[in-house]
Amino acid sequence: MIKTERLNIEPLNYEQFKSYIDNGCGSIITEQDKKWVREFHLDKIGANNYLYSTFWIATNKDQEVVGEIAFKGEPNHFGEVEIGCYVMPKFRHNGYGTEMIDGMVTWATMQGEARYVVAAVNYGNIFSQNMLKKNNFAYWGEKDMMNIYYKILN
């Protein structure tokens with residue numbers, strides 16, 4: 001578990017993750033998205049470093065789900081790990097996404113396996129781009145109609 005100033009961020013185990021997907025989790029809307037998550041995340045849970053493949057759920061002091069955050073797999077041979085974050089609409093524009101990203105980047109740094117955290121963000125998603133900038137991510141460039149940001153870990 002990761003504790004930040006206002007949040008507890010906990011990883012889902014296999015059964016929790018499967019149930020979360022099956023019951024229409026926060027950011028997953030379409031059946032196509034659910035299929036993608038099952039293929040690229042669920043099957044990897046149970047591996048040695050499943051914490052890089054599962055969703056982590058952020059809750060506030062009232063035990064309300066504020067959002068979800070995840071790495072998109074283990075660090076690659078360059079030491080890069082990609083991160084994705086979703087904040088429930090009710091909790092947006094209150095700094096929760098920034099806090100979630102900070103907590104996960106701190107966790108990744110402590111694991112010692114990742115050297116960089118990267119994030120791909122849709123051009124129009126200014127909200128997410130600002131969360132990354134507040135966490136000292138730097139703009140790297142564009143790829144596949146997305147803005148790419150990165151942060152070097154210590």
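The shown structure was predicted, so the numbers you read here are calculated from the model rather than taken from an experiment.

Tallying secondary structure elements over the protein chain gives four helices and eight strands in all. Walking the protein chain from its N terminus toward its C terminus, one meets helices and strands in the order β-β-α-α-β-β-β-α-β-α-β-β. Buried positions account for 44% of the 154 residues belonging to the protein chain. Taking all contacts inside the protein chain whose residues are at least 6 apart in sequence as the whole, residues at least 24 apart take part in 57%. When the accessible surface of the protein chain is totalled, it reaches about 8,800 Å², and 49% of it is carbon and sulfur.

This paragraph deals with the pairing of strand β4 (residues 65–71). In terms of burial, β4 is largely enclosed, as six of its seven residues are buried. Pairing between strand β3 (residues 55–59) and β4: five bridges, direction antiparallel. Its bridge partner lying in β4, alanine 58 is registered against glycine 67. Bridging between β4 and strand β5 (residues 80–87) involves five bridges; their strand directions are antiparallel. Considered in β5, the bridge of isoleucine 69 is made with cysteine 85.

Another point: the sheet that holds strand β7 (residues 138–143). Two strands in a sheet stick together by hydrogen bonds in their backbones, pointing the same way (parallel) or opposite ways (antiparallel). Taken together, the eight strands give an open sheet; going across it, the order is β1-β2-β3-β4-β5-β6-β8-β7, and neighbouring strands pair in mixed fashion. Taken across any chain shown, the strands that pair with only one partner, and hence form the sheet edges, are β1 (2–3) and β7. Packing against the sheet, helix α3 (residues 96–111) makes contact with β1, β2 (8–11), β3, β4, β5, β6 (116–122) and β8 (146–152), and its axis sits at approximately 35° to β4.

This brings us to the pattern of salt bridges. Using the criterion set out here, one finds three salt bridges in the structure. Notably, a salt bridge pairs glutamate 99 with arginine 6, separated by 2.7 Å at the nearest N-O pair. Linking glutamate 99 in helix α3 with arginine 6 in the loop between β1 and β2, this pair joins segments that are 93 residues apart in sequence. When its relative accessible area of 12% is taken as the criterion, glutamate 99 is described as buried. For arginine 6, a relative accessible area of 31% translates into the label partly exposed. Residue lysine 72 is joined to glutamate 82 by a salt bridge in which the shortest nitrogen-to-oxygen separation is 3.4 Å. On the criterion of sequence distance, the pair formed by lysine 72 in the loop between β4 and β5 and glutamate 82 in strand β5 is long-range, its members being 10 residues apart. Its relative accessible area of 42% is what places lysine 72 among the partly exposed residues.

If you want to describe how two helices pack, look at the angle between their axes and the distance between the axes. Closest axis-to-axis distance for the α3/helix α4 (residues 126–134) pair is 9 Å, and the angle between their directions is 50°. Classified by the angle their axes make, α3 and α4 are oblique. In this structure, α3 meets α4 at a crossing whose hand is right-handed. Only Met131, Leu132 and Lys134 of α4 make contact with α3, whose side of the interface consists of Gly97, Thr98 and Ile101. Per-class residue counts for the contact of α3 with α4 are three nonpolar, two polar and one charged.

Conventions and cut-offs
- Residues numbered from 1 in each chain as written.
- Predicted model: local features only at pLDDT ≥ 70, side-chain atom pairs only at ≥ 80, totals over all residues.
- Heavy atoms only, no water.
- Helix = DSSP H or I, 4+ residues; strand = E, 2+ residues; numbered from the N terminus.
- Buried < 20%, exposed > 50% of the residue type's maximum accessible area, 1.4 Å probe, protein only.
- Contact = heavy atoms within 4.5 Å.
- Areas by Shrake-Rupley, 256 points an atom, 1.4 Å probe, with all protein chains shown as cover.
- Pairing = 2+ DSSP bridges.
- Axes fitted to C-alpha atoms, helices over the stretch in contact; angles between N-to-C directions.
- Salt bridge = Lys/Arg side-chain N within 4 Å of Asp/Glu carboxyl O.
- Parallel < 35°, antiparallel > 145°, perpendicular 65-115°, else oblique.
- Left-handed = near helix turned anticlockwise from the far one by under 90°.
- Nonpolar A, V, L, I, M, F, W, Y, C, P; charged D, E, K, R; others polar.

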